[in-house]
Amino acid sequence: MPALATNPLAGRVTIVLAAAGYGKTRAVRAWLGATRATWHNGTDLTGGMAARDGDRVTVVDDLHLASADTLAAWLAPALAAGSRLILLTRSPVPRAVLRSFPEAATEVGPALLALTPERTARLLRRRYGLADPDLAARVHRLTGGWPALIHHVAAALAADPALADAGGPSQETLAAPGTPVAGYLGVEVLDALPTARRRLLADAAGLGYICTELAAELGHPRPEQAVGELARAGLFTSPTPGDPWFRPVPMVAAVVGMGGRRSAGRSARVLAVAADWHGRNNRPVEALRLRLAAGDHAGCVSIVAGHGAELLAAGAAADVVAAARALPPKLRDDRIELLRAEGLEIIGDQAGAVAVYAALAGDAERIPPAIAWRYGVAVYLWGDPRQALGILRRGALAREDTADEALLLAWTAAAYWLAGDAAPCRDRAARAHRAAVAAGDDRALATAHVALALCANLDGDPAALRTHYARALDLAEAAGDVIQAIRIRANLAAGMEREARFTEALQMVRPAVALAERCGHTSMLAMSLCNEAALLHRLGHLDDAVARHRRSVELYQRIGSDKVAYPLNGLGDIHRQRGRRSEARAAYEEAVRAATRDGNRQSLVPGLAGLARVIDGDPAAEIAARALESAVGPQRTAALLAAGWVAVGSGDLRDAQQRSSAAAESARFHRDRTGLAEALELRAAASDPHEARQALVEALAIWRSAEAVLDVGRVSIALAALPGAHADDRLAARLATTRLTAAGVMLPTSPPVAGGPAEVRIRVLGGFAVLIDGQPVPTSTWQSRKARDLLRILIARRGRPVPREELVELLWGRRPATRASATGWRWRCPRRGVCSTRAAALHRTTSSPRAEPTCGPTSTGSTSMSRRSSGTRPTASGCSPTARATTPSSRSPPRTGSTPATCTTTSPTTTGRSRCVNTPGRCAWTSCARWPSSIGGAASSTRRCATCGGSSTSRRTTSAHTAPSSACSPTTAGTARRGGRWPGTPPRCGRSACRRR
């Protein structure tokens, strides 16, 4: 057979093989483009034509119409002339012709010719006005991308829009006799096939699939060649990885089935032979479907009775239910009815399953264990543990050494766990394990280990919990109990979530979701989706978590289960985290109602805890108290946390601290690292800043190890809000703010410490003091005297920004002695001690006539601020305004008419010296009236470069520079702008060789 190619024009000879309507001619013309080619048809080939052509490319269309002898005679001179051949055909080229080629031919098939789903959608939209993408996808599935079939189907849909309603067209409607599709396929495709190929196609259409082994079983000669030729022509879709079956194109199968192209006797024989073949090859699911299609009731009973559990685990619950319903009453015994009820339970018809179980149980006081445990499980999974217990207790127990008795005891223990009754749960679990060991049944033993794990959960023994679940999972998978394996994986994931192992838990639960999808168990799928959503929420994927919670809600509501409380609680948690308190409250309240109806404490306590955190006032405290009353086992941690946050909201910090300690103790007991981190956050909210920092740092470490990005962000913001936060904390908080905002999470509005913001007052008259909640902050609390001075400066500025360089000069005065002496920029104010030019620039000359602050004397040296108009020139005692030097402002240059602020000193201190009241011991005014005359007069000042000797004379608006030589041209001194030097820095010299540049 020629090699298939992705390059359509590769090789000396190219064969384009496909059934009619695949667009072979159009495709070849598009591939050739501007390349010159000679075209021939299979009906007009003669021996000398190709020799006369001698073209580089020769194309033969409809090659299948030429006889083998004519084709061989025509191709020989064409190949001798060196032509490149492209052969278009609907059937394979004869082997004798293939052997005559000088090299292996390249074959292009339907895979390259069929339209993709995207091209199909574009064709329907542009040519037929059908813009529905779902409709386009369905058309592509029905036709397999066959271009001619797509056009016929699209034309029918455009002519009759009603065909597109109710989920799209059916293949039976479009393939009915007399339709364009049926006519085209019948004339152009089916009638042209050899008889043997038509019979094989009819058998495959009746079964829906075919393979070479099954074709041989059905009596088809040379099955590999026959199946391969139909697949190469595009009538079969090729197998995919994991699916070894060839399947006919759906529209082709429909036309063959409805066109009377197969006899009833042949169809029945094909079904029976195929069912026997599947049975011998251990494929009970396909065997049951074929027996049911053939109407073989006895065969259905044999398969269901012998492989019922295997069928249910393999996802064939719907087939089991259909087969059981089709059986006459005399063939439906208790075994068949039990399997039918289990099938109904799996496909989501919980009410139907319970009805079948109730009919089997009747009114008898004691019922067989096989019926009792299945009946009880149906009600248990429905979400009513009290009714389930009533049914399970009706099971008749004898020696407790059979698999059904072990299963009855194990599920009874699970129902007690759901109801929160620890003692009977332990008793039934131990007895179930003994009975399962005596029975030697893996399925029963797996269920018993699950019951023991639930007891370990209540007892706070995580090591035993993990051990029992691991053993149960191995046993369930060995026994092929898919339902139990799903349950175990979901429960294991829940335990890992408590241990803050979110990524591992997600890897554990995702196979459970896939198994539940495959077998179609509605209740288990809803539970697995809920657990997966909780883990996605912890890992920060909120939108994905919401989608899975909502699907879980829909599934639980479809079967009428009150376990819908679980995903509702999850939705409430996400809404609360996003700040949607009304939506969160609605979800929690609905969850509480559902959990209250069936007495399910496992969903009631989280609902009450969440509800208490989204409402205010006394009702919140009452709901939290109710949660504490109902909580057992690890759920007590969540109830204590809710009560603690309610106490924080009411201002009772002592009670909140007690609740946080109790929650932490409960979390440690149950190895609940998630609950422990939340308890630490609660402690931080009820403690002083020092203890809060310690608690938040520990909580942050837990969340980081768990990769809980949203929780990490929340704690990072809380840490940065604490007094004395480090620069790293503030940076992490900024990053966390961006992350939480992108996720739609509500940001903390205040630091969660000490129960709320404290009242802070700063007194500057009658003595400087800081009071928190009316209590003065003692001097020993300040980290240093400079911190206290810094606060004074900032208060004097009244919210205006202060450059860092100015603050440094104000607080620490002159620079290091070596650098200060080298620059020569240091003066002493006769009345105020050391005064640097940067310190003098703190209060700048303003450029607009507005009021300016002025220092006034106080008895304690504190600052008293008053506003004076710029037209008034205040004069301080002991400071003469006659000698006044102007320093240009760092914000804007001074202008004529502006009045600089002047320095006013306080009364003499105990040391006998006067000092500036703005900053103790230093002058902080722009123009000190006592500047030395050597610096400058009233209108100007001269400065000199300490390195090269260049001088600079500065006035209010202009400056002139005098240099010792033409090579040195210093820049204007004292001029500062944003991003440049601050006022008071040494003048910069423009000379390239000057080291002061």
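Residues numbered from 1 in each chain as written. Predicted model: local features only at pLDDT ≥ 70, side-chain atom pairs only at ≥ 80, totals over all residues. Heavy atoms only, no water.

**Q** Sorry, what's going on with the overall build of the protein chain here?
**A** In terms of helices and strands, the protein chain carries 44 helices and 18 strands. The buried share of the protein chain, taken over its 997 residues, is 50%. Intrachain contacts of the protein chain at a sequence separation of at least 6 include 62% that bridge at least 24 residues. Only carbon and sulfur atoms are counted for the fraction: they give 51% of the accessible area of the protein chain, which is about 44700 Å². (Helix = DSSP H or I, 4+ residues; strand = E, 2+ residues; numbered from the N terminus. Buried < 20%, exposed > 50% of the residue type's maximum accessible area, 1.4 Å probe, protein only. Contact = heavy atoms within 4.5 Å. Areas by Shrake-Rupley, 256 points an atom, 1.4 Å probe, with all protein chains shown as cover.)

**Q** How should I be thinking about the pairing of strand S2 (residues 13-17) in this particular structure?
**A** Look at any regular strand and the pattern is simple: side chains alternate between the two faces of the sheet. In terms of burial, S2 is largely enclosed, as 5 of its 5 residues are buried. Side chains Val13, Ile15 and Leu17 project from S2 onto one buried face, and the interleaved Thr14 and Val16 project onto a second face that is buried too. Alignment of S2 against strand S5 (residues 84-89), held across 5 bridges, turns out to be parallel. In the strand pairing of S5, valine 16 is matched with leucine 88. One ladder, built from 3 bridges, connects S2 with strand S6 (residues 106-108); its direction is parallel. Across the sheet, valine 16 pairs through a bridge with valine 108, a residue of S6. (Pairing = 2+ DSSP bridges.)

**Q** What's the story with the packing of helix H35 (residues 635-650) against helix H36 (residues 653-669) in this structure? I'm lost.
**A** Think of two packed helices as two axes; the pair is described by the angle between the axes and how far apart they sit. Contact geometry for H35 and H36: axes closest at 8 Å, N-to-C directions at 165°. Classed by the angle they form, the pair H35 and H36 counts as roughly antiparallel. Considering only the axes of H35 and H36, their crossing is left-handed. Together, Arg636, Thr637, Leu640, Leu641, Ala643, Gly644, Ala647 and Val648 of H35 and Asp655, Ala656, Arg659, Ala662, Ala663, Ser666 and Ala667 of H36 make up the contact between the two elements. In the contact of H35 with H36, the residues fall into 9 nonpolar, 3 polar and 3 charged. (Axes fitted to C-alpha atoms, helices over the stretch in contact; angles between N-to-C directions. Parallel < 35°, antiparallel > 145°, perpendicular 65-115°, else oblique. Left-handed = near helix turned anticlockwise from the far one by under 90°. Nonpolar A, V, L, I, M, F, W, Y, C, P; charged D, E, K, R; others polar.)

**Q** What is the right way to look at the side chain of arginine 291 in this model?
**A** Summarising the element assignment, arginine 291 is placed in helix H16 (residues 284-294). When neighbours within four sequence positions are excluded, arginine 291 is seen to be in contact with Ala272, Ala275, Asp276, Asp296, Gly299, Cys300 and Ile303.

**Q** What's the story with the environment of alanine 341 in this structure? I'm lost.
**A** Locating alanine 341 in the fold gives a position in helix H19 (residues 334-346). You can call alanine 341 buried: its relative accessible area is 0%. Considered as a pair, alanine 341 and alanine 355 are 14 residues apart in the sequence and their alpha carbons are 8.3 Å apart. Those residues within four positions of alanine 341 in sequence are excluded, and the remaining contacts are Ala353, Val356 and Tyr357.

**Q** Teacher, can you tell me more about the sheet that holds strand S11 (residues 775-776) here?
**A** Where strands meet in a sheet, backbone hydrogen bonds hold them as pairs that are either parallel or antiparallel. In space, the 3 strands of this open sheet follow the order S9-S10-S11, with antiparallel pairing throughout. Where the open sheet ends on each side, the last strands, each with one partner, are strand S9 (760-763) and S11. For strand S10 (residues 769-772) and S11, the ladder comprises 2 bridges, and the chain directions are antiparallel. Paired with isoleucine 772 across the two strands is glutamine 775, which belongs to S11.

**Q** I would appreciate a short explanation of the packing of helix H11 (residues 195-207) against helix H13 (residues 223-232) in the present structure.
**A** For the pair H11 and H13, the least separation of the axes is 10 Å and the interaxial angle reads 80°. By the angle between their directions, the pair H11 and H13 is classed as roughly perpendicular. For the pair H11 and H13, the contacting residues are Arg197, Leu200 and Leu201 in the first and Gln225, Ala226, Val227, Glu229 and Leu230 in the second. Grouping the constituent residues of the contact of H11 with H13 by class yields 5 nonpolar, 1 polar and 2 charged.

**Q** Looking at this structure, how should I read a nonpolar patch on the surface?
**A** A cluster of nonpolar side chains, Val760, Ile762 and Ile772, forms an exposed patch at the surface whose accessible area comes to about 240 Å². Within the secondary structure, isoleucine 762 is located in strand S9. The exposure class of isoleucine 762 is partly exposed, given its relative accessible area of 39%. (Patch = residues over 30% accessible without salt bridge, like charges linked within 9 Å, V, L, I, M, F, W, Y side chains within 5 Å. Salt bridge = Lys/Arg side-chain N within 4 Å of Asp/Glu carboxyl O.)

**Q** Help me understand the confidence of the model for the protein chain in this model?
**A** Low-pLDDT portions of the prediction should not be read for the details of their coordinates. In the predicted model, the protein chain carries a mean pLDDT of 78, and the fraction of residues at 70 or more is 77%. Per-element confidence in the protein chain ranges from a low mean pLDDT of 35 for strand S15 (residues 864-868) to a high of 95 for helix H31 (residues 565-577). Below pLDDT 50 for its whole length, residues 49-54 participates in 9 contacts with residues either more than four positions away or in separate chains. The model gives residues 951-997 a pLDDT under 50, and that stretch makes 118 contacts with residues more than four places away or in other chains. (pLDDT = per-residue confidence, 0-100.)

**Q** I'm lost on the pairing of S5 in this one. Help?
**A** Extensive coverage of S5 is indicated by the burial of 5 of its 6 residues. Bridging between strand S4 (residues 57-61) and S5 involves 4 bridges; their strand directions are parallel. Across the sheet, residue valine 57 finds its bridge partner in S5, namely arginine 84.

**Q** Explanation requested: the packing of aromatic side chains in the structure shown.
**A** In this description, an aromatic ring pair is defined by two values, namely the gap between the centres and the angle between the planes. Evaluation of the coordinates by the stated rule reveals 5 aromatic pairs. Aromatic side chains tyrosine 380 and tryptophan 411 sit 5.5 Å apart centroid to centroid with 65° between the ring planes, which places their arrangement in the edge-to-face category. With tyrosine 380 in helix H21 (residues 369-382) and tryptophan 411 in helix H23 (residues 403-419), the pair connects residues that are 31 residues apart, well separated along the chain. With respect to burial, tyrosine 380 and tryptophan 411 carry one shared label: buried. (Phe/Tyr/Trp six-rings, centres within 6.5 Å; stacked < 30°, edge-to-face > 60°.)

**Q** So what exactly am I meant to see when it comes to unusual backbone geometry here?
**A** Positioned with a positive phi, alanine 500 is a non-glycine residue whose angle comes to about 60°. Relative to the assigned elements, alanine 500 resides in the loop between helix H27 (482-498) and helix H28 (502-519). Judged by its relative accessible area of 4%, alanine 500 is buried.

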